[in-house]
Amino acid sequence: MTNKGLLLVGHGSRLEYNKELITTTADLMKNIDGKYLIKSCFLEYSSPNVTEGLELMKKENLDELVVVPLFLAKGIHILRDIPRLLGLETGKKQGTITLDSGKEIPLVYAEPIGIDPLLAELMIKNAHTAEKMLEEQ
């Protein structure tokens, strides 16, 4: 059996709710797919940051690590900042990391959410919720 790690990366914020959104999403993900050891981290403003998140994963007995950005679209953070922190070459999605045990494992960097029917469904749900506020007046 392969030990798979998943590091969820959020932007980070000085507002506690935004940190909670990422950490709660990571917890929900654990209930959906139990094959991953899931931890979360942040690009800026919140802890642990990406470097600290990687250090936490390096302590685990993993065979591979998937880094998943919880961002909607490709921008400078997705294309440059996060890959640099992961030690990836520009434009590359795959690399390796060395665990604290000395074992070298593959690292793969996932795409942001992007265009997805589930996102469209979520936005319609949010519109319906907002409309209910009008009905309650």
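Here is a short report on the structure shown in this document.

## Observations concerning the side chain of Asp81
At step 1: Its location among the elements puts Asp81 in helix H3 (residues 76–86).
At step 2: Not counting residues within four places of it along the chain, the set of residues in contact with Asp81 comprises Leu43 and Ile76.

## Here's the deal with the pattern of salt bridges
At step 1: Under the counting rule described, the total for this entry stands at eight salt bridges.
At step 2: Of the charged contacts, one joins Glu60 and Lys39 as a salt bridge, the two residues approaching to 3.4 Å between their closest N and O atoms. Here the residue Glu60 occupies a position in the loop between helix H2 (50–58) and strand S3 (64–69), and Lys39 occupies one in strand S2 (residues 36–42), the gap between them amounting to 21 residues.
At step 3: Residue class for Lys39 comes out partly exposed when judged on its relative accessible area of 23%.
At step 4: Across the salt bridge formed by Arg80 and Asp81, the nearest N and O atoms sit 3.0 Å from each other.

## Some details on the nonpolar core
Generally speaking, nonpolar side chains in soluble globular proteins are found buried as a group.
At step 1: Leu7, Leu65, Val67, Ile82, Leu86, Leu107 and Tyr109 are the most contacted members of the largest nonpolar core, which totals 20 residues.
At step 2: Only strand S1 (4–10), H2, S3, H3 and strand S5 (104–109) provide two or more residues apiece to this core.
At step 3: Beyond its immediate chain neighbours, meaning those up to four positions away, Leu65 contacts Gly5, Leu6, Leu7, Leu54, Met57, Ile97, Ile105, Pro106, Leu107 and Val108.
At step 4: By size, the runner-up hydrophobic cluster in this structure holds six residues, among which are Leu6, Leu8, Ala26 and Ile38.

## Details of the layout of surface pockets
At step 1: Roughly 450 Å³ of volume is contained in the largest pocket.
At step 2: In terms of lining, the largest pocket is formed by 19 residues, of which the most central are Leu21, Ile22, Thr25, Leu70 and Ile113.
At step 3: Those elements that place two or more of their residues in the lining of the largest pocket are S1, helix H1 (16–32) and S3.
At step 4: In terms of residue count, the dominant contributor to the lining of the largest pocket is H1 (eight residues).
At step 5: Residue composition of the lining of the largest pocket, by class: 11 nonpolar, six polar and two charged.
At step 6: Of the volumes computed, that of the second largest pocket is approximately 260 Å³.
At step 7: Taken together, Leu72, Ile113, Asp116, Leu118, Leu119, Leu122, Met123 and Asn126 form the lining of the second largest pocket.

What counts, and at which threshold
- Residues numbered from 1 in each chain as written.
- Predicted model: local features only at pLDDT ≥ 70, side-chain atom pairs only at ≥ 80, totals over all residues.
- Heavy atoms only, no water.
- Helix = DSSP H or I, 4+ residues; strand = E, 2+ residues; numbered from the N terminus.
- Contact = heavy atoms within 4.5 Å.
- Salt bridge = Lys/Arg side-chain N within 4 Å of Asp/Glu carboxyl O.
- Buried < 20%, exposed > 50% of the residue type's maximum accessible area, 1.4 Å probe, protein only.
- Core = buried A, V, L, I, M, F, W, Y, C linked by side-chain atoms within 4.5 Å.
- 1 Å grid on protein atoms, 1.4 Å probe; cavity = no way out; pocket = protein on both sides within 12 Å on 5 of 7 lines; lining within 4 Å.
- Points joined across faces, edges and corners; volume = space filled by probe spheres on them.
- Nonpolar A, V, L, I, M, F, W, Y, C, P; charged D, E, K, R; others polar.

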